[in-house]
Amino acid sequence: MGRPRAHRALAARLNAMRPLAHAGGQRRSHGTRRMCETRGMKRHAPATERNREPLLAVLREVLPASGRVLEVASGTGQHAAWFARALPHLLWQPTDVDAESLESIEAWRTEEGPPNLLPPRRLDASAESWPETAADVILNVNMIHIAPWTACQGLMRGAGRVLPPGGLLVLYGPYFVEGRETAPSNLEFDASLRARNPAWGVRSLEAVTAEAALHGLERERVVDMPSNNLTVVFRKPRPPVSPH
């Protein structure tokens, strides 16, 4: 007899996490945490291929007709190559804090990236300042539950600073939602994350929304995704038009 569905879901999530990369006891990257197959510098994450189509469908609905997308914590670089190819009207800037991830992103860009995919840049989401100072959209996939809360705070702080009025911050990942029954797989996933590092864990959507509000971002849309994940869209509101 197979394992219960909740246990299979938890196993899939754990298998999707990248092997830990520690530096002085701290994880070096705030990027997506997936189990990767490494082929030279180019890394391959099967989980990325599983979620890219549902996420792309949401991105097609919410992203603007033109502009610059700043992807924070691009991980392997597969998403960047896939989304940039699927959305040629947008300029795509991938980033990560981890050196090996940056090498993988560049390998994907060099081998398969379209012309609108820019070379990767090093960016630490939790830093007080970012090398990128302007973007129309910020995309962050599977980071905040597998990084310290300071990474989420830095992401919101940076988004509030970098995005123009009307700009979007799009998040993807698991969340606890007040008033909604929590999937057993999310509870087990949260426990497994905290066992690995007490600073990690599935975040409360309300806490993330409150942090975003501190930096002038309003939650606009929440979309249910496969495997008990959510896509959450925040917008930096435009100033009110003064009457003449």
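**Student:** Just to check I follow, could you spell out the overall build of the protein chain for this structure?
**Tutor:** Across its full length, the protein chain holds seven helices and 13 strands. With 244 residues in all, the protein chain has 53% of them scored as buried. Summarising the internal contacts of the protein chain: among those between residues at least 6 apart in sequence, 71% fall at separations of at least 24. Carbon and sulfur atoms provide 54% of the accessible area of the protein chain, an area that totals close to 11100 Å².

**Student:** In this structure, what is going on with unusual backbone geometry? I would like to understand it.
**Tutor:** Most of the time, phi is negative for any residue but glycine, and the peptide bond is trans. Unusually for a residue other than glycine, Ser227 sits at a positive phi of about 60°. With respect to the helices and strands, Ser227 occurs in the loop between strand S12 (218-225) and strand S13 (229-235). With relative accessibility at 53%, the residue Ser227 sits in the exposed group. Residue Asn228 is not a glycine yet carries a positive backbone phi of 60°. Positionally, Asn228 belongs in the loop between S12 and S13. On the accessibility criterion, Asn228 (39% relative accessible area) is partly exposed.

**Student:** When you look at the nonpolar core in this model, what are you seeing that I'm missing?
**Tutor:** The tendency in soluble globular proteins is for nonpolar side chains to be buried as a group. Core analysis: the biggest nonpolar cluster contains 29 residues, and Val72, Ile138, Leu155, Met156, Leu169, Leu171 and Phe234 have the highest contact counts within it. Filtering out sequence-adjacent residues up to four positions away, Phe234 remains in contact with Met156, Gly167, Leu168, Leu169, Leu171, Val208, Thr209, Ala212, Leu217, Glu218, Arg219 and Glu220. Within the second largest apolar cluster, 26 residues are counted, among which are Leu55, Leu117, Leu139 and Tyr172.

**Student:** Would you take a moment to explain the environment of Ile138 for this structure?
**Tutor:** By secondary structure assignment, the location of Ile138 is in strand S8 (residues 137-141). Overall, Ile138 belongs to the buried group, its relative accessible area being 0%. What Ile138 contacts, discounting residues up to four positions off in sequence, is Leu70, Val72, Trp130, Leu155, Ala159, Val162, Leu163, Leu168, Leu169 and Val170.

**Student:** Explanation requested: the sheet that holds S8 in the structure shown.
**Tutor:** Backbone-to-backbone hydrogen bonds join strands into a sheet, with any given pair of strands oriented parallel or antiparallel. Read from one edge of the open sheet, seven strands run S7-S6-S5-S8-S9-S13-S12, paired in mixed fashion. Sheet topology places strand S7 (121-122) and S12 at the edges, where each strand pairs with a single neighbour. On top of the sheet, helix H5 (residues 149-162) reaches strand S5 (67-72), S8, strand S9 (168-173) and S13; it is set at about 155° to S9, its chief contact. Packing of helix H7 (residues 205-214) onto the sheet brings it into contact with S9, S12 and S13, and relative to S13 it is tilted by some 20°.

**Student:** Looking at this model, I keep getting lost on the pairing of S8. Mind explaining?
**Tutor:** Most of S8 is tucked away, with five of its five residues classed as buried. Taking every second residue as pointing to the same face, both faces of S8 are buried, with Val137, Leu139 and Val141 on one and Ile138 and Asn140 on the other. Relative to S8, S5 is paired through four bridges, and the arrangement is parallel. Across the sheet, Val72 pairs through a bridge with Asn140, a residue of S8. With five bridges joining them, S8 and S9 adopt parallel strand pairing. Looking across to S9, one finds that Leu139 is bridged to Val170. Crossover handedness for the path S8 to H5 to S9: right-handed.

**Student:** Please explain the packing of helix H2 (residues 46-62) against helix H3 (residues 78-86) as it appears in this structure.
**Tutor:** The geometry of a pair of packed helices is captured by two quantities: the angle between their axes and the separation between those axes. Across the interface, H2 lies against H3 with an axial gap of 11 Å and an inter-helix angle of 40°. Classified by the angle between their axes, H2 and H3 sit oblique to one another. Handedness of the H2/H3 crossing: right-handed. Residues Thr48, Glu49, Asn51, Arg52, Glu53, Leu55, Leu56, Leu59 and Arg60 of H2 lie in contact with H3, whose contacting residues are Gln78, His79, Trp82, Phe83 and Ala86. Along the lines of polarity and charge, the residues of the contact of H2 with H3 split into six nonpolar, four polar and four charged.

**Student:** I tried to follow the confidence of the model for the protein chain on my own but got confused; where do I start?
**Tutor:** Do not read the predicted coordinates in detail wherever pLDDT is low. Here the protein chain shows a mean pLDDT of 87. Residues at 70 or above account for 83%. Contacts for the low-pLDDT stretch residues 18-35, under 50 throughout, to residues beyond four places or in other chains number 71 contacts.

Conventions used here
Per chain, residue numbering runs from 1 following the sequence as it is written. Confidence filtering applies because this is a predicted model: local features only for residues at pLDDT of at least 70, side-chain atom pairs given and counted only at 80 or more, and all residues used for totals across whole chains, interfaces and linings. Side-chain measures were taken over the full set of non-hydrogen atoms in the model, leaving aside hydrogen atoms and water. Think of it this way: any DSSP run of H or I at least four residues long counts as a helix, any run of E at least two long counts as a strand, and we number them from the N terminus. Only protein chains enter the accessibility calculation, which uses a 1.4 Å probe. A residue is then buried if its area is under 20% of the maximum for its type, exposed if over 50%, and partly exposed in between. Whether two residues touch is decided by their heavy atoms; if any such pair falls within 4.5 Å, the residues are in contact. Where accessible areas are quoted, they stem from the Shrake-Rupley method and a 1.4 Å probe; at the residue level, only the protein chains shown are allowed to cover. Take the buried Ala, Val, Leu, Ile, Met, Phe, Trp, Tyr and Cys residues and link them wherever side-chain atoms come within 4.5 Å; each set so joined is a nonpolar core. Two strands pair if DSSP finds at least two bridges between them. Each axis is a line fitted through C-alpha atoms, and for a helix only the stretch in contact is used; angles between axes span 0 to 180 degrees, taken between their N-to-C directions. A crossover counts as right-handed when, viewed with the strands pointing away from the observer, the path leading from the first strand over the helix to the second turns clockwise. When describing relative orientation, an angle under 35 degrees is termed roughly parallel and one over 145 degrees roughly antiparallel, while 65 to 115 degrees is termed roughly perpendicular and anything else oblique. What makes a crossing left-handed is the near helix being turned counterclockwise from the far one by less than a right angle; a clockwise turn instead makes it right-handed. Only Asp, Glu, Lys and Arg are considered charged, only Ala, Val, Leu, Ile, Met, Phe, Trp, Tyr, Cys and Pro nonpolar, and every remaining residue, Gly among them, polar. pLDDT expresses, on a scale from 0 to 100, how confident the predictor is about each individual residue.

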